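Now for the letters of each chain:
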Amino acid sequence: MSWMAWTTPSALFFMGIAGILVGMTYWELVSPCIARKGFFPIETTRGDRLFISLLSAAFIHLGFIGFTEVTIWLPFTVAVIWLFIVMKWG
């Protein structure tokens, strides 16, 4: 994998995503979910809400990086809070 020039932050990022996917798979096996309607105009499952959260987190980070000079921890915090909101009420 040296050809990919992994850095510690990028390796931790992808390990985190892999950990989330493994955790969601385990959660689905232990407690199968049913589609429900929250504040989104469509019925969603846990996996749908996770996907929406991850996609939103990418746009949150791109917006902060593109339009501000703040530290990356602020968009990270906003994205994590958004993840919890979407997973709970989405």
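Please refer to the structure higher up on the page.
Residues numbered from 1 in each chain as written. Predicted model: local features only at pLDDT ≥ 70, side-chain atom pairs only at ≥ 80, totals over all residues. Heavy atoms only, no water.

Looking now at the pattern of salt bridges. In this structure the tally under the stated criterion is one salt bridge. Between Glu28 and Arg46 there is a salt bridge, and its shortest N-O distance comes to 3.7 Å. Here the residue Glu28 occupies a position in helix α1 (residues 8-30), and Arg46 occupies one in helix α2 (residues 46-67), the gap between them amounting to 18 residues. Relative accessible area serves as the criterion here: at 9%, Arg46 is assigned to the buried category. (Salt bridge = Lys/Arg side-chain N within 4 Å of Asp/Glu carboxyl O. Helix = DSSP H or I, 4+ residues; strand = E, 2+ residues; numbered from the N terminus. Buried < 20%, exposed > 50% of the residue type's maximum accessible area, 1.4 Å probe, protein only.)

Counted according to the given criterion, the structure contains four aromatic pairs. An angle of 50° between the planes, with centres 6.1 Å apart, marks the rings of Phe39 and Trp82 as tilted. Taken as a pair, Phe39 in the loop between α1 and α2 and Trp82 in helix α3 (residues 73-89) lie far apart in primary sequence, 43 residues in all. Relative accessible area serves as the criterion here: at 43%, Phe39 is assigned to the partly exposed category. The partly exposed category is assigned to Trp82, whose relative accessible area is 26%. Centroid distance Trp73 to Phe76: 5.6 Å. Interplanar angle 90°. Geometry classified as edge-to-face. Taken as a pair, Trp73 and Phe76 lie in helix α3 at a separation of three residues, close to a single helical turn. (Phe/Tyr/Trp six-rings, centres within 6.5 Å; stacked < 30°, edge-to-face > 60°.)

So far we have only geometry, and geometry alone does not tell us how the molecule works.
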